[in-house]
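Geometric and topological summary
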Amino acid sequence: MLTMASVEECRTALAKLVAQFDEIDEQDRAKHVVERTVSCRISDLDVTFYGRLHHGGLDPFAEQPPPGGKPTDVKLTIVSNDLIALVDGELDLARALLGGRVKVDASFGDLLRLRRLL
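Keep in mind that this is a model prediction, so the values were computed, not measured.

Scoring rules and cut-offs
Residues numbered from 1 in each chain as written. Predicted model: local features only at pLDDT ≥ 70, side-chain atom pairs only at ≥ 80, totals over all residues. Heavy atoms only, no water. Helix = DSSP H or I, 4+ residues; strand = E, 2+ residues; numbered from the N terminus. Buried < 20%, exposed > 50% of the residue type's maximum accessible area, 1.4 Å probe, protein only. Contact = heavy atoms within 4.5 Å. Pairing = 2+ DSSP bridges. Axes fitted to C-alpha atoms, helices over the stretch in contact; angles between N-to-C directions. Expected span 1.5 Å × (residues − 1). Arc of directions from axis to C-beta. Core = buried A, V, L, I, M, F, W, Y, C linked by side-chain atoms within 4.5 Å.

What follows is about the environment of Leu76. Looking at the secondary structure, you find Leu76 in strand β4 (residues 74-78). You can call Leu76 partly exposed: its relative accessible area is 24%. Linking Leu76 and Gly99, residues 23 residues apart in sequence, is a C-alpha distance of 14 Å. In contact with Leu76, other than residues within four places in its own chain, are Val38, Ser39, Cys40, Arg41, Lys103 and Val104.

Dropping the structure here:
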């Protein structure tokens, strides 16, 4: 049986995702990015990270929710090992979504935009 990844390993994976997002061509980001708040709940660790997606990139994730108490626009739920596999390119986002390994609560438009960027 696999052991679950630690909160620190998930934090590192999310930092890597931010760095990968920064590598996306600026014109592609301008075409597909709409400013959104993002939460990533790591269900097996019972921890949630929050970030913000915008034309300039993806802000680093933090464990504090954004100020104002508004719900996030895009909510991801995933287990720790799948988060790391997804960021490392070992897990395909579309297959993970279809297989129920990643749950996304977002508008259809946001889903399409995310798919083009990831």
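Here the narrative resumes.
Taken in spatial order, the 5 strands of this open sheet run β3-β2-β1-β4-β5, and their pairing is mixed. This sheet does not close on itself; its edge strands, each paired only once, are β3 (57-58) and β5 (102-105). Sitting on the sheet, helix α3 (residues 80-87) is in contact with β1 (36-42) and β4, with an inclination near 110° to β4.

Time to look at helix α1 (residues 7-22). Its 16 residues give α1 an end-to-end C-alpha distance of 23 Å, which sits within 8% of 22 Å, the value for a rise of 1.5 Å per residue. By the burial criterion, the buried members of α1 are Cys10, Ala13, Leu14, Leu17, Val18 and Phe21. Buried positions in α1, seen along its axis, are confined to an arc of 145° and lie on one side of it.

Let us look at the side chain of His54. For His54, the position within the fold is in strand β2 (residues 47-54). A relative accessible area of 15% means that His54 is categorised as buried. Ignoring sequence-local partners within four residues, the contact set of His54 consists of Val33, Glu35 and Asp59.

Generally speaking, soluble globular proteins have nonpolar side chains that are buried together. With 26 residues, the main nonpolar core has Leu14, Ile42, Phe49, Leu58, Phe61 and Leu83 as its most contacted residues. The biggest single contributor to this core is α1, with 6 residues. Among all residues touching Leu83, those that are not within four sequence positions of it are Cys10, Ala13, Leu14, Cys40, Ile42 and Ile78.

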